[in-house]
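# Results of the structural survey
Spelled out, the chains give:
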Amino acid sequence: MSQSENSELSAFEGVEVLVDCPGIQGLYTYRIPKDFNVTPGDIVSVPFGGRQLGAIVIRLMSIVSMSTLNYTLRDIDSIVSQGFFSKDYWKLLERVANYYQTSLIQVIRTALPPGLLGRSQRRIRLRRSVDATALSSASDSLDLLKPSAQALLNALSQSSQGDYTWRYLKRQHKQATAGLDQLLSKGWVESYLAMVTPPKPQQRQAVSLTASSIPESAALTNRQQEILVTLQRCGGDLWLSDALQRLRTTSATLQRLAAKGYVIIEARERLRLGGHSPVLADQPKPLTPDQSRVLSVMTGLTGYAQVLLHGVTGSGKTEVYLQAIVRWLQAGKSVLVLVPEIGLTPQLTDRFRARFGEQVCVYHSNLSDGERYDTWRQMLNGQPQVVIGTRSAIFLPLPHLGMIVLDEEHDSSFKQDQPAPCYHTRTVARWRAEMADCPLVLGSATPALSTWVEVKDPNNIETFHGTSLYYLGLPNRVHQRPLPPVKVVDMRLELQAGNRSVFSRPLQMALEQMQTKGEQGLLFIHRRGHSRFVSCRSCGHVMDCPDCDVSLAYHQPQNEGPAHLRCHYCGYGQRHPDECPNCKSPYLKYFGSGTQRIVHELQSQFPGLRCLRFDSDTTRAKGAHRALLERFAAGEADVLVGTQMLTKGIDLPQITVVGVVAADGLLHMPDYWSGERAFQTLTQVAGRAGRGERPGQVILQTYTPEHPVIGAAKSHNYQAFIDYEIEHRQLLGYPPYGRLVLLRLTSPTEVEVEVAAQRCAEQLQAWLTSFGHAELADDWAGPSVLGPTPAPVFRVAKRYRWHVLLKLPLAMVVPDLTYLRSHLPKSVRLTIDIDPLNLS
Ligand SMILES: Nc1ncnc2c1ncn2[C@@H]1O[C@H](COP(=O)(O)OP(=O)(O)OP(=O)(O)O)[C@@H](O)[C@H]1O
Ligand SMILES: [Zn+2]
Ligand SMILES: [Zn+2]
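Just so it is clear, the structure is predicted and the values come from calculations on it, not from any experiment. (Residues numbered from 1 in each chain as written. Chains lettered and ligands numbered in written order. Predicted model: local features only at pLDDT ≥ 70, side-chain atom pairs only at ≥ 80, totals over all residues. Heavy atoms only, no water.)

In space, the 7 strands of this open sheet follow the order 14-15-13-16-17-12-18, with parallel pairing throughout. Every other strand in the sheet has two partners, leaving strand 14 (360-363) and strand 18 (469-474) as the edge strands with one partner each. The average angle at which neighbouring strand axes cross in this sheet is 20°, direction not considered. By the bridge criterion, 6 bridges tie strand 12 (residues 305-311) to strand 17 (residues 439-444) in an arrangement that is parallel. In the strand pairing of strand 17, Leu309 is matched with Gly443. Contacting strand 12, strand 16 (401-407), strand 17 and strand 18, helix 14 (residues 289-299) crosses the sheet at an angle of about 160° to strand 18. (Pairing = 2+ DSSP bridges. Helix = DSSP H or I, 4+ residues; strand = E, 2+ residues; numbered from the N terminus. Axes fitted to C-alpha atoms, helices over the stretch in contact; angles between N-to-C directions. Contact = heavy atoms within 4.5 Å.)

See below:
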């Protein structure tokens, strides 16, 4: 290689690739043959042992760094596909690895679906610009072709599509590789990776009413009338299979109703795409003036901007997203919509499907590997589409992004605690939007304090200057519907007045009135991790997990069914024992105020009230959330009793009563943002009441009615909450007025992890001191090392856990902490959590 060659080009002679082979991890180095032009993100084929494997090029390497390798390098075999990922995509992954202090390979594992390369199929086709007949007439150039190239060319031009799989061509032709090289270098053929065809739209039969009111007609039998009424109560629209069950009828009966014109039975797909049924067709709603104002700002944005859409519960944020998305799709762009937990919000996905039909794709970690892979791959085809996904969907390689929406942006499930990278979707979304030069919309009724401070008061925080920040408010519910009044009940006074029930007198009254009016209600229970433990009434022995320092939780999936004990940390499970393992007493009892207990209490106090439980027990099966919500919506129960899940996206007009059984567990969580989380949860659950025409009410039971968070929730006063909370955070230098980094150390050896944690803390302390930052006792907001401390749950899955927390002022850069790993004993694992939310 001559000296005069472009030094930048000649600096790279090799690549590090990620090979696609189950069980093989880490990066492998290969040499780039001359004339190959390889860039990160390309898919190549490489020799690996005795096989050829697909691989993704991760990084280019210089001769210098390759010379340190102590094995002979092999060449890349061929380039299968270029431009599979955009360059920006790799920059994004690298940025995540750098900021969150993890290896690139960890990030890649989070970002790419399993088996990415394994299923890809290399194909060869004639270039469109090259006309086959023109080729054969240009005999002089053909003369120069190798026989193998000639043979391939003939095969391709004789096939109707001019397109074969590489496997087929190799089997059929000798020395196909050499022939292909020549054709590729002449630019006559191209090698590409076959795109999977988009998943076929589901063609399921659905039954729907043709009219919104059911006619009193002599042509209908009583039974038929009854079926129509039940169908109407179920929303007027059901899958045929569900309809047969729920309406307790047969296909033939429904067919007869269809023949008479009362219902339509047809494939749901056609209905989705704006069919003729007025019940089903979901048209854009005429917007309220507030919504219109917000929409026009949103759709007027060109380029990167961060928008906080702060709309009270039921203000029609989702409708605004839907209408903004239409504009992007029309412009040929795609939109990414990120939601906290998809399983919990079947209603939301339905609304998107009803509007955009098969242009909607859903992506989350509960899909099977195959489903994830297919969805992921078909995104690369560049067609405008709407993708709804959870946390990791932020890494989907959607080209032509028009907008990213983070719905319920305050929700902590957008943050990954483990495994590394411990990323926050909002942070990655910001980078992604910046790179795609598109707007990022953060929507919430209760924005995260950090988002609020950033958008409303950018001067407070130096790091965010220079970006376009918009605050868009929807301060009212649609159609001037009022937010439900919140009645705070002091449970201490209830007890003093002789009421020993978990339900206060106002809540009892509200439930009774609700039932007589035929309305529905929600009862929210905040459940802490270990609230339903089992203990012995004779000796007090508590059933604990053998591998963790927590008690086992009591589960009884079916009433009267067998009971189990399960560890919520490691998954350990066992049968409920018949007698105490300590004293052999048969009197074991479970404690705690779980949903089961509340349901039992309701049943004994209100025998006429029908309840449904909506929690992790009753919704474990696939599709169970949807099924339960549909049963509730259809009026099969009066009250839905549940946990955190109730706070997310339930939009049912017939809900008029929301009861919070005890707010106190929420208020007293041991971390710096428990006040924020409590306010958000209370406001969200309250927001489920009175969304329809009938006014709603909220009964909030607590032992600390004077708490400022309760006061703010009572008056739906976000600003009051913010003012209270900001003062604390500022004073103590907590986020967003300071930065936290949590080091999580674990080991099966108790002593080793303690010593290691001690050592990490000392190193950090030394680092702070070297900056001249001796800890000042009276500077609460100053930099400091907190700990080491044993984690709140000291042992999980046989590993002991210690924490070290580093608190820094915003002005200080987070140091590179990965060097701490080099001093750790083998048994100790260290996870670096930048901007942690979960400190337990
Ligand atoms: N312009 C409108 N006209 C009539 N109905 C509307 C309009 N906009 C929204 N709605 C309806 O009002 C209800 C609440 O709207 P939506 O679910 O979009 O609110 P949201 O702000 O996303 O709610 P939340 O954050 O509480 O889940 C929905 O049933 C929706 O169909
Ligand atoms: Zn006992
Ligand atoms: Zn356990």
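After presenting the structure, the write-up continues.
This part takes up the side chain of Thr253. With respect to the helices, strands and loops of the structure, Thr253 is situated in helix 12 (residues 251-259). Among the residues examined, Thr253 registers a relative accessible area of 15% and is labelled buried. Within the structure, Thr253 has its side chain in polar contact with the side chain of Thr250 (distance 2.8 Å). (Buried < 20%, exposed > 50% of the residue type's maximum accessible area, 1.4 Å probe, protein only. Polar contact = N/O pair within 3.5 Å; in protein donor to acceptor, adjacent residues only side chain to side chain.)

Ligand 1 sits among 20 residues. The nearest are Gln291, Lys317, Thr318, Asp651 and Arg691. In this structure, Arg351 approaches ligand 1 through a side-chain N or O atom, which is 2.8 Å from an oxygen atom. Arg688 places a polar side-chain atom, nitrogen or oxygen, 3.3 Å from an oxygen atom of ligand 1. Protein contacts shield 88% of the accessible area of ligand 1, which totals 630 Å² for the unbound molecule. Among the elements that take part in the shell around ligand 1, helix 15 (residues 317-330) stands out by supplying 3 residues, more than any other. (Near = heavy atom within 4 Å. Areas by Shrake-Rupley, 256 points an atom, 1.4 Å probe, with all protein chains shown as cover.)

On to the packing of aromatic side chains, then. Evaluation of the coordinates by the stated rule reveals 17 aromatic pairs. Relative to Trp802, the ring of Phe794 lies with its centre 6.3 Å away and its plane at 80°, an arrangement referred to as edge-to-face. Per residue, the accessibility class of Phe794 equals that of Trp802, and both read buried. Within the aromatic cluster, the residues linked to one another by ring pairs are Trp452, Tyr471, Phe679, Tyr718 and Phe721. (Phe/Tyr/Trp six-rings, centres within 6.5 Å; stacked < 30°, edge-to-face > 60°.)

Looking now at the pairing of strand 20 (residues 520-524). Taking burial as the measure, the 5 residues of strand 20 include 5 buried ones, the bulk of the element. Here strand 20 shows a buried face lined by Gln520, Leu522 and Phe524 and a second buried face lined by Gly521 and Leu523. Sheet topology note: the strand 20/strand 28 (residues 655-660) ladder contains 5 bridges and is parallel. Directly across from Leu522, in strand 28, lies its bridge partner Val658. Bridging between strand 20 and strand 27 (residues 639-642) involves 4 bridges; their strand directions are parallel. Bridging across to strand 27, Phe524 finds its partner in Gly642.

Right, let's talk about the UniProt feature "binding site: Zn(2+) 2" (unreviewed entry) in the chain for a bit. Annotation from UniProt places "binding site: Zn(2+) 2" (unreviewed entry) at Cys545, Cys548, Cys567 and Cys570. In sequence the annotated residues extend across 26 residues, while in space they remain close, none of their C-alpha pairs exceeding 8.7 Å. Secondary-structure assignment places Cys548 in the loop between strand 21 (534-536) and strand 22 (553-555). Under the relative-accessibility criterion, Cys548 is labelled buried at 2%. Those residues in contact with Cys548 that lie beyond four places of it in its chain are Cys567, Tyr569, Cys570, Arg795, Val796 and Ala797. With respect to the helices, strands and loops of the structure, Cys570 is situated in the loop between strand 23 (564-566) and strand 24 (573-575). Residue classification places Cys570 among the partly exposed residues on the basis of a relative accessible area of 30%. Excluding residues within four positions of it along the chain, Cys570 makes contact with Cys545, Cys548 and Ala797. (UniProt positions renumbered as here; feature names shortened; annotations may be inferred.)

Our focus in this paragraph is the pattern of salt bridges. Taken as a whole and judged by the stated rule, the model has 26 salt bridges. Between Arg729 and Glu725 there is a salt bridge, with the nearest N and O atoms lying 3.0 Å from each other. Taken together, the residues span about one helical turn, with Arg729 and Glu725 both in helix 27 (residues 718-732) at a distance of 4 residues. Taking relative accessible area as the criterion, Glu725 reaches 5% and is therefore assigned buried. Members of the salt-bridge network, linked through shared partners, are Arg246, Asp350, Arg626, Glu630, Arg631 and Glu636. (Salt bridge = Lys/Arg side-chain N within 4 Å of Asp/Glu carboxyl O.)

A few words on the sheet that holds strand 24. Strand order in the open sheet formed by 3 strands is 22-23-24, with antiparallel pairing between adjacent strands. Among the strands making up the open sheet, the edge pair consists of strand 22 and strand 24. Shown here is a sheet whose adjacent strand axes are inclined to one another by a mean of 30°, direction ignored. Pairing analysis gives 3 bridges linking strand 23 to strand 24, with the strands arranged antiparallel. Following the sheet pairing, Leu565 is matched in strand 24 by Gln574.

Considered for burial, the residues of helix 14 that qualify are Gln291, Val294, Leu295 and Met298. Down the axis of helix 14, the sector holding all buried residues measures 100°, keeping them to one side. If you follow the buried residues of helix 14, they end up packed against strand 12, helix 15, strand 16, strand 17 and strand 18. (Arc of directions from axis to C-beta.)

To continue, consider the nonpolar core. The biggest cluster of nonpolar side chains holds 112 residues, and the ones touching the most others in it are Phe395, Ile404, Leu743 and Leu745. For this core, the element with the highest residue contribution is helix 28 (residues 750-770), accounting for 8 residues. Dropping the residues within four chain positions of it, Phe395 is found in contact with Tyr89, Leu92, Leu93, Val96, Thr110, Ala111, Tyr423, Val428 and Arg432. In terms of nonpolar packing, the next biggest core, distinct from the first, is built from 31 residues, Leu301, Val337, Phe352 and Val360 among them. (Core = buried A, V, L, I, M, F, W, Y, C linked by side-chain atoms within 4.5 Å.)

Helix length check: helix 7 (residues 147-158), at 12 residues, gives a terminal C-alpha distance of 16 Å against a target of 16 Å (1.5 Å per residue), a fit within 8%. Of the positions making up helix 7, those classed as buried are Ser148, Ala149, Leu152, Leu153, Ala155 and Leu156. Angularly, the buried residues of helix 7 cover 165° about the axis, an arc narrow enough to put them on a single face. Turned more than 90 degrees from where helix 7 packs its buried face, Pro147 and Gln158 sit exposed. (Expected span 1.5 Å × (residues − 1).)

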